[in-house]
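Observations on the three-dimensional arrangement
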Amino acid sequence: MSTKPPLLKVLDLISLALLIAAAYMALIYAPTEASMGQVQRVFYFHVATAWIGMLGFIVAGVTGIVYLRTQRLKWDIVEVAAVEISLVFFFIAIVLGSIWARPIWNTWWTWDPRLTTAAVTELIYLAYFMLRQGVEDPERRARFGAIYALVGAVSVPITFMVIRLYRTIHPVVIGTPSAAAQGGFNMSSPMQTAFFFAIFAFTIIFIDLLWNRVRLGRFQQEVEDLKLRVIQ
C-alpha cells in the first residue's frame, strides 16, 4: 500500500482548520438573527452541506460521461467517491434543515416542493449503490453506474431551482424570495462573510475527502482485480 502523498496530508490539516474556523464563524462571529434567534445559525452549515451534496452529484454525472467515452475504470472510482461523499453531506443537510424547521415551521418535516425534491434526490443516489451491488462484473457495473449517475444528476438542478419556480415555504436567501416563504431573512455583512466562508470551507473539505476516497477506491480496485485473477 502506497503512503499518503505529502500534499494530501497538508490538505487534511487545512480541511480540519477550515472546519473549525467555519464553526467559529457560524456559532460566534455571525450575529444572532433578530427573529429566529440562535437556531438560525444552523443555516450556515445547512446550506454548505447541501452545496457539497449537489456538487458531488454533478461531479459524478460528469465523470460518468467521461467513463462512457473512455471506458477507463479510474473515472468510475471518482464517480463512486463523489456520490458516496455527497450522499452523506446531503443527508446531513436534510437533518440540519429539519432541526431549523422545527422551531420555525413548527414541524420537523413537510412535503414542501424543496423538501420533496431533496428527499427524492437522496433516494435516487441510495438506489445507485443498490444497483452497483447487484452487478459483479467491474466494467458492466461501471457502465450501468455511469448511466445512472448521469440521469440522476438531472435531479440536482430541479432541486436547486424548485424554490425559485414555485410557491414554497422554503426561504430563498440569495435571489427573489417566494411570497409564501416562512423563515426568510436578510443577511448582514458578518452573516454573508460566515455564509460564504462556510461554503468555501466545505468545498475544500469535499476535495480533501474526495482525494482520500479515490485513493481507497484504487486500493479496492486492486484487491478486486487480484480476486478475479485467482478465480480465473
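Read on for an overview of the structure. (Residues numbered from 1 in each chain as written. Predicted model: local features only at pLDDT ≥ 70, side-chain atom pairs only at ≥ 80, totals over all residues. Heavy atoms only, no water.)

Here the focus is the packing of aromatic side chains. Any aromatic ring pair is given by two values, namely how distant the centres are and how the planes are angled relative to each other. Going through the model one piece at a time under the given rule, you end up with 12 aromatic pairs. Judged by centre distance (6.1 Å) and plane angle (50 degrees), the rings of Tyr-128 and Tyr-148 are tilted. Taken as a pair, Tyr-128 in helix H4 (residues 113-133) and Tyr-148 in helix H5 (residues 138-152) lie far apart in primary sequence, 20 residues in all. The partly exposed category is assigned to Tyr-148, whose relative accessible area is 24%. Through successive ring pairs, a cluster of aromatic residues spans Phe-43, Tyr-44, Phe-195 and Phe-196. (Phe/Tyr/Trp six-rings, centres within 6.5 Å; stacked < 30°, edge-to-face > 60°. Helix = DSSP H or I, 4+ residues; strand = E, 2+ residues; numbered from the N terminus. Buried < 20%, exposed > 50% of the residue type's maximum accessible area, 1.4 Å probe, protein only.)

Another point: the nonpolar core. In terms of nonpolar packing, the biggest core is built from 28 residues, with Phe-89, Phe-90, Tyr-125, Tyr-128, Leu-210 and Val-214 touching the most fellow members. Those elements giving two or more residues to this core turn out to be helix H2 (42-70), helix H3 (73-105), H4 and helix H7 (189-231). For this core, the leading source of residues is H3, giving 11 residues. Look past the residues within four positions of Tyr-125 in its chain and what remains in contact with it is Phe-57, Val-83, Leu-87, Ala-149, Gly-152, Ala-153 and Ser-155. Counting residues in each nonpolar core, the second largest holds 10 residues, with Ala-26, Met-187, Ala-194 and Ile-199 among its members. (Core = buried A, V, L, I, M, F, W, Y, C linked by side-chain atoms within 4.5 Å. Contact = heavy atoms within 4.5 Å.)

Between H3 and H5, whose axes approach to 10 Å, the crossing angle comes to 50 degrees. It follows that H3 is oblique to H5 by the angle criterion. Classified by chirality, the crossing of H5 by H3 is left-handed. Between H3 and H5, the contacting residues are Leu-73, Asp-76 and Glu-79 on the first element and Pro-138, Ala-142, Gly-145, Ala-146 and Ala-149 on the second. Classifying every residue of the contact of H3 with H5 gives five nonpolar, one polar and two charged. (Axes fitted to C-alpha atoms, helices over the stretch in contact; angles between N-to-C directions. Parallel < 35°, antiparallel > 145°, perpendicular 65-115°, else oblique. Left-handed = near helix turned anticlockwise from the far one by under 90°. Nonpolar A, V, L, I, M, F, W, Y, C, P; charged D, E, K, R; others polar.)

This part is about the environment of Arg-213. Of note, Arg-213 is situated in helix H7. Separated by 90 residues in sequence, Arg-213 and Leu-123 place their C-alpha atoms 21 Å apart. With sequence-adjacent residues up to four places away left out, Arg-213 is seen in contact with Val-80, Ala-81, Glu-84, Ile-85 and Gln-220.

Before going further, it helps to examine unusual backbone geometry. The residue Gln-71 is not glycine, and still its phi comes out positive at about 60 degrees. Among the structural elements, Gln-71 can be located in the loop between H2 and H3. Phi at Asn-106 takes a positive value of approximately 65 degrees, unusual for a residue other than glycine. Mapping Asn-106 onto the fold places it in the loop between H3 and H4.

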